[in-house]
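Take a look at the letters that make up each chain.
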Amino acid sequence: MSSKFSETVAILEKLPEPQIEMVYKYAFNIRKNFYPKNTAQILERLTGILPDENKTLEEYRQERLSERYETFT
């Protein structure tokens, strides 16, 4: 367990129930806003990540693996 996690748990253990509920709602909203719910949101976040060189995703994957593990295809 990370020290930050342990520190956070220790702080939460000292809080009264209403404040714990407030922290939970805050964390839930962060998670809800961070993770996309549908394919359109996922694609919107991915736009611009891959350069447009007319390669398939598999070609990019193989290229990256080759660079990472210094293999040649």
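Quick look at the structure, then.

Rules and cut-offs
Residues numbered from 1 in each chain as written. Predicted model: local features only at pLDDT ≥ 70, side-chain atom pairs only at ≥ 80, totals over all residues. Heavy atoms only, no water. Phe/Tyr/Trp six-rings, centres within 6.5 Å; stacked < 30°, edge-to-face > 60°. Helix = DSSP H or I, 4+ residues; strand = E, 2+ residues; numbered from the N terminus. Contact = heavy atoms within 4.5 Å.

All right, on to the packing of aromatic side chains then. Tallied over the full model, the rule gives one aromatic pair. Seen from their ring centres, Tyr24 and Phe28 are 6.3 Å apart, and the 25° between their planes marks the pair as stacked. A residue pair is termed a helical-turn pair when its members lie 3 or 4 positions apart in one helix, as Tyr24 and Phe28 do in helix 2 (residues 17-34) at four residues.

Our next topic: the environment of Lys55. Tracing the sequence through the fold places Lys55 in the loop between helix 3 (39-46) and helix 4 (57-69). Excluding residues that lie within four positions of it along the chain, Lys55 makes contacts with Tyr60 and Glu63.

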